[in-house]
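Okay, here's what each chain looks like letter by letter:
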Amino acid sequence: MSTDAAAPAGQLPDAAGHFGRFGGRFVPEALVAALDELDAAYRKAMTDESFLAEFDALLRDYAGTPSLLYEARRLSAQIGARVLLKREDLNHTGAHKVRNVLGQALLTKRMGKRRVIAETGAGQHGVATATAAALFDLECVVYMGEVDTERQALNVARMRMLGATVVPVTTGSRTLKDAMNEAMRDWVANVDSTHYLIGTAAGPHPFPEMVRDFVRGIGVEARQQCLDLTGALPDAVAACVGGGSNALGIFHAFVPDTGVRLFGFEAGGEGVATGRHAASITGGSAGVLHGTRTYVLQNSDGQTIESHSISAGLDYPGVGPEHAWLHDSGRATYLPVDDDEAMAAFQLLCRTEGIIPAIESSHALAGARKIAPQLAAELGREPVIVVNLSGRGDKDVHTAGAYFGILDKE
Amino acid sequence: MSRIGVAFDKARADGRAVLVGCMPAGFPTVEGSIAAMTAMVEAGVDVIEVEIPYSDPVMDGPVIQKASDIALAGGVRTADTLRAVEAVAATGASVVTMTYWNPIEQYGVDAFARDLAAAGGTGLITPDLIPEEAGEWLAASEAHGLDRTFLVSPSSTDARLKMTVGHCRGFVYATAIMGVTGARSQTSEAAPVLVSRLREVTDLPVGVGLGVGTGAQAATVAGYADAVIVGSALVRCVLDAPDQAAGLTALRALSAELAEGVRNPAR
């Protein structure tokens, strides 16, 4: 039996959830008991063969993993690198996120809770949570910034079809950050009955570690698939970074492979220099947001600055604390990709491979395109780059159609 | 040793609980917030809790969040909140600051402690900082002689109550309910239980907050706690008023009602 979910021993974080100076718990005391309960349940589950077997079976039989590693030959020719796409877009619900929600929904059931709440930006995590809630017969409430409910109306409808209640959040910037605040408030008030199913590797301990462990199968699979396909490890792994769950998922198994370079591509929006972006590592500074210490977009008073990205899924002014640590330690490199670069890569994949990617994932594609010439120069040969195609583009068709001016008037 | 102890000693001599009133600095303006807090003191509030407005206040309900948003939109800076502390301390009231952690980290923990002490503040209430993450603040508060108020909750285990009060100085903040700030129609049944659990592990004064908004509720809480903490109901007086004068009038009336409540505890 595969135990993809079980993390190797002796790695970060420490017992209190610290990745170096990042991570930890910056939460109201009212949540500490629930976080301790979750931590204990998660640790017990990860050493429980029956839990791991149930999780593996769900991933295989329900989510459709292992996802393919597809050699994108026509794209490769355009980019000047041998590009292998980790097809997380082929998973049930269309993204890597199904792995995390299945893991957390199983834990919710184990803890005897009957209700899950979630926050969502693009709606992918909301749809995944609503899906798992339907499968496990849990009550489901999804908080979503009002702005995002408008730009992702299709996913709102999906969540409702699946039986979830979608609550548009009208405070602050009315995007993902504010949805997360509302979900935290709900959790403080209903912690006895409710599990907060956080959608990314951020938030207070143990969420960053737990979410990473539930999605780390992406990298475990990709590593083996790359070995099988090419006979060697890749030269680089590329992923987009908003909160950072898909990136951690694919990075984690490669962290000990020091010859494999890890690249996280943040949403550069209109350009980091314009201040209108969502690049927390490239354009932010260390601070505390949503229960953890990490890189945050903030002013000198510590007030959070609104993020901007054409991708609702990356539009978040923080990042998971493990990415902050991977950046500080130099193990991973984080670079911004702006909206136009991402959309050019979106179009390129559509036209060369017949795959419509999520705009999130298009940032990773654009990043691979950006680093390919430099890697080729350094290596003196065509580099092999694994790109995490973390989600499919159905939800983004309207945004992309508007961007390219190809929507017929209704 | 505790700066806020004066307020508790005085109230104890009168045989009553302390009334703590909360207001975000800079709401609706810095001067307006100083006027509001001064009016509260004049009407009988013993301790003013000056909240530093923050963009992502996860423990606050809609009333205080709206007030904080107004303050931030008006351009209030952390330094302005210290000016408010100084002005209110000059009235003779005890002033404690309530703050989410990130603004303090960005200001510089030791620098903030130094400046708060210089402004006459007694210490900090930290709703999203638990003792485990508070190393820098523990050191800075020692260095500058400031009080530390961590929160405890009905969900806190006995071990956590003991650990948390061990790090408090001045008073401990008992959250009456599982939830966020905001006045509620009924007082909490969990609060008296939590306070009696605290009495087992500490001699520190216990303040009870969240959900208290009327004189009758204040009297109920004063029956078992050493301090009654009121926020949203006071903030609402200013938020709902058509102009500043009306806001101050409403604020004085509610403060007086609450002050009357803590003087007539329901035991």
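Residues numbered from 1 in each chain as written. Chains lettered and ligands numbered in written order. Predicted model: local features only at pLDDT ≥ 70, side-chain atom pairs only at ≥ 80, totals over all residues. Heavy atoms only, no water.

S.K.: It is not clear to me how the overall build of chain A should be interpreted in this structure. Could you clarify?
M.R.: Along its length, chain A carries 16 helices and 14 strands. Computed over the C-alpha atoms, the radius of gyration of chain A is 19 Å, within 12% of the 22 Å expected from 2.2 N^0.38 for a compact globule of 410 residues. The principal-axis extents of the C-alpha atoms in chain A amount to approximately 55 × 50 × 45 Å. Relative to its full complement of 410 residues, chain A shows a buried share of 64%. Within chain A, contacts between residues separated by at least 24 positions form 74% of all contacts whose residues are at least 6 apart in sequence. (Helix = DSSP H or I, 4+ residues; strand = E, 2+ residues; numbered from the N terminus. Rg over C-alpha atoms; globule rule 2.2 N^0.38 Å. Buried < 20%, exposed > 50% of the residue type's maximum accessible area, 1.4 Å probe, protein only. Contact = heavy atoms within 4.5 Å.)

S.K.: Help me understand the sheet that holds strand S8 (residues 194-196) of chain A, please; the structure alone is not making it clear to me.
M.R.: In a beta sheet, neighbouring strands pair by backbone hydrogen bonds and run either parallel or antiparallel. All names here are of chain A. Spatially, the 4 strands line up as an open sheet ordered S7-S6-S5-S8, and their pairing is parallel. Strand pairing shows two members of the sheet lacking a second neighbour, strand S7 (165-169) and S8, which therefore form its edges. This sheet shows a mean twist of 25° between the axes of neighbouring strands, independent of strand direction. (Pairing = 2+ DSSP bridges. Axes fitted to C-alpha atoms, helices over the stretch in contact; angles between N-to-C directions.)

S.K.: What is the right way to read unusual backbone geometry from this model?
M.R.: Leave glycine aside and you will find that most residues have negative phi; peptide bonds, for their part, are mostly trans. Residue Pro 66 of chain A follows Thr 65 of chain A across a cis peptide bond; omega there is 0°. With respect to the helices and strands, Pro 66 of chain A occurs in the loop between helix H2 (49-63) and strand S3 (69-71). The peptide bond linking Phe 27 of chain B to Pro 28 of chain B adopts the cis configuration, its omega dihedral lying at -5°. Summarising the element assignment, Pro 28 of chain B is placed in the loop between strand S1 (18-24) and helix H2 (30-42).

S.K.: So what exactly am I meant to see when it comes to the interface of chain B and chain A here?
M.R.: Interfaces are often sized by the amount of accessible area the parts lose when they come together. Counting from both sides, the interface comprises 33 residues of chain B and, opposite them, 32 residues of chain A. Together chain B and chain A conceal approximately 2700 Å² of surface at their shared face, both sides included; 45% is due to carbon and sulfur atoms. Seen at the junction of chain B and chain A, the total is 4 salt bridges. Residue Asp 301 of chain A pairs with Arg 77 of chain B through a salt bridge whose shortest N-O separation is 2.5 Å. At the boundary of chain B and chain A, one finds 25 residue pairs in polar contact (both at pLDDT 80 or more). Secondary-structure elements contributing two or more residues to the side of chain B that touches chain A are helix H3 (62-73), helix H5 (101-107), strand S6 (151-152) and helix H8 (158-167) of chain B. With 5 residues, the single largest contributor to the side of chain B that touches chain A is H5 of chain B. Residue composition of the side of chain B that touches chain A, by class: 16 nonpolar, 10 polar and 7 charged. (Buried area = accessible area lost by both parts, 1.4 Å probe. Salt bridge = Lys/Arg side-chain N within 4 Å of Asp/Glu carboxyl O. Polar contact = N/O pair within 3.5 Å; in protein donor to acceptor, adjacent residues only side chain to side chain. Nonpolar A, V, L, I, M, F, W, Y, C, P; charged D, E, K, R; others polar.)

S.K.: Would you take a moment to explain the sheet that holds strand S2 (residues 47-51) of chain B for this structure?
M.R.: Residue and element names in this part refer to chain B. Across the sheet, 9 strands lie side by side as S5-S4-S3-S2-S1-S9-S8-S7-S6; this open sheet has parallel pairing. The open sheet has two edge strands with one neighbour each: strand S5 (147-149) and S6. With 4 bridges joining them, strand S7 (residues 172-175) and strand S8 (residues 206-209) adopt parallel strand pairing. Paired with Val 172 across the two strands is Val 206, which belongs to S8. Helix-sheet contacts for helix H4 (residues 78-89) involve S2 and strand S3 (94-98), and the interaxial angle to S3 is about 160°.

S.K.: What is the right way to look at empty space enclosed by the protein in this model?
M.R.: Where empty space is left in the structure can be found by rolling a water-sized probe over the atoms. All names here are of chain A. The final tally for this structure, using the stated rule, is 5 cavities of 30 Å³ or more. Within this model, the largest cavity holds a volume of roughly 320 Å³. If you go around the largest cavity, you meet 29 residues; those closest to its centre are Lys 97, Gly 199, Thr 200, Gly 313 and Glu 360. Each residue belonging to the lining of the largest cavity can be placed in one class, and the counts come to 9 nonpolar, 16 polar and 4 charged. (1 Å grid on protein atoms, 1.4 Å probe; cavity = no way out; pocket = protein on both sides within 12 Å on 5 of 7 lines; lining within 4 Å. Points joined across faces, edges and corners; volume = space filled by probe spheres on them.)

S.K.: Before we go on, may I ask you to explain the UniProt feature "active site" (unreviewed entry) in chain B in this structure?
M.R.: Residues and elements named next belong to chain B. Annotation from UniProt places "active site" (unreviewed entry) at Glu 49 and Asp 60. You can see Glu 49 is positioned in strand S2. Ignoring sequence-local partners within four residues, the contact set of Glu 49 consists of Val 20, Gly 21, Cys 22, Met 23, Val 96, Met 98, Ile 125, Tyr 173 and Ile 229. Note that Asp 60 resides in the loop between S2 and H3. Taking relative accessible area as the criterion, Asp 60 reaches 0% and is therefore assigned buried. (UniProt positions renumbered as here; feature names shortened; annotations may be inferred.)

S.K.: In this structure, what is going on with the layout of surface pockets? I would like to understand it.
M.R.: Computed from the structure, the largest pocket encloses a volume of approximately 270 Å³. Mapped by element, the contributors of at least two residues to the lining of the largest pocket are helix H8 (176-190) of chain A together with H3 of chain B. The residue makeup of the lining of the largest pocket, split by class, is 3 nonpolar, 8 polar and 6 charged.

S.K.: Help me understand the pattern of salt bridges in this model?
M.R.: For side chains bearing opposite charge, pairing can occur when the charged atoms are close. Residues and elements named next belong to chain A. Within this structure, the stated rule accounts for 47 salt bridges over all chains. For Arg 99, the salt bridge goes to Glu 88, with nearest N and O atoms at 2.6 Å. Of the two residues, Arg 99 sits in helix H4 (residues 97-110) while Glu 88 sits in the loop between strand S4 (82-87) and H4, which places them 11 residues apart along the sequence. The shortest N-O distance in the salt bridge between Asp 396 and Lys 395 comes to 2.6 Å. The pair Asp 396 / Lys 395 is uniform in exposure class, with both members buried. Salt bridges linked by common partners bring Lys 86, Glu 88, Arg 99 and Glu 221 together as one network.

S.K.: So what exactly am I meant to see when it comes to the nonpolar core here?
M.R.: Across soluble globular proteins, nonpolar side chains show a tendency to be buried alongside one another. With 82 residues, the main nonpolar core has Phe 51, Leu 107 and Trp 187 of chain A as its most contacted residues. Looking at this core element by element, the count peaks at 8 residues for helix H1 (residues 32-46) of chain A. Leaving out residues up to four positions away in the same chain, Phe 51 of chain A has contacts with Ala 45, Met 46, Gly 103, Leu 106, Leu 107, Arg 110 and Phe 214 of chain A. Of all hydrophobic cores here, the second largest spans 78 residues; its members include Ala 17, Ile 104, Leu 124 and Val 221 of chain B. (Core = buried A, V, L, I, M, F, W, Y, C linked by side-chain atoms within 4.5 Å.)

S.K.: Even after reading the chapter, I still don't get a nonpolar patch on the surface, so can you show me in this structure?
M.R.: The grouping of Leu 68, Tyr 70 and Leu 90 of chain A at the surface amounts to a nonpolar patch, some 270 Å² of accessible area in total. Counting through the fold element by element, Tyr 70 of chain A comes out in strand S3. (Patch = residues over 30% accessible without salt bridge, like charges linked within 9 Å, V, L, I, M, F, W, Y side chains within 5 Å. Areas by Shrake-Rupley, 256 points an atom, 1.4 Å probe, with all protein chains shown as cover.)

S.K.: What exactly am I supposed to notice about H4 of chain B here?
M.R.: Every α-helix carries 3.6 residues per turn, so stepping three or four residues along brings you back to the same face. Look at H4 of chain B: 17 Å from first C-alpha to last across 12 residues, which is about the 16 Å you get at 1.5 Å a residue. Among the residues of H4 of chain B, those classed as buried are Thr 78, Asp 80, Thr 81, Leu 82, Ala 84, Val 85 and Val 88 of chain B. (Expected span 1.5 Å × (residues − 1).)

S.K.: What am I meant to see in the packing of aromatic side chains here?
M.R.: Aromatic ring pairs are described here by two measures, namely the spacing of the ring centres and the angle between the planes. Residue and element names in this part refer to chain A. Scanning the entire structure with this criterion turns up 14 aromatic pairs over all chains. Aromatic side chains Phe 51 and Phe 214 sit 6.4 Å apart centroid to centroid with 40° between the ring planes, which places their arrangement in the tilted category. Placement of the pair is Phe 51 in helix H2 and Phe 214 in helix H9 (residues 207-215), with a sequence separation of 163 residues. The pair Phe 51 / Phe 214 is uniform in exposure class, with both members buried. A ring pair is formed by Tyr 196 and Phe 207, whose centres lie 6.2 Å apart and whose planes are at 55°; its orientation type is tilted. Taken together, the residues Tyr 196 in strand S8 and Phe 207 in helix H9 connect sequence positions 11 residues apart. Each member of the pair, Tyr 196 as well as Phe 207, carries the same accessibility label: buried. Each member of the aromatic cluster is reached from another via a ring pair, and the members are Tyr 42, Phe 51, Phe 55 and Phe 214. (Phe/Tyr/Trp six-rings, centres within 6.5 Å; stacked < 30°, edge-to-face > 60°.)

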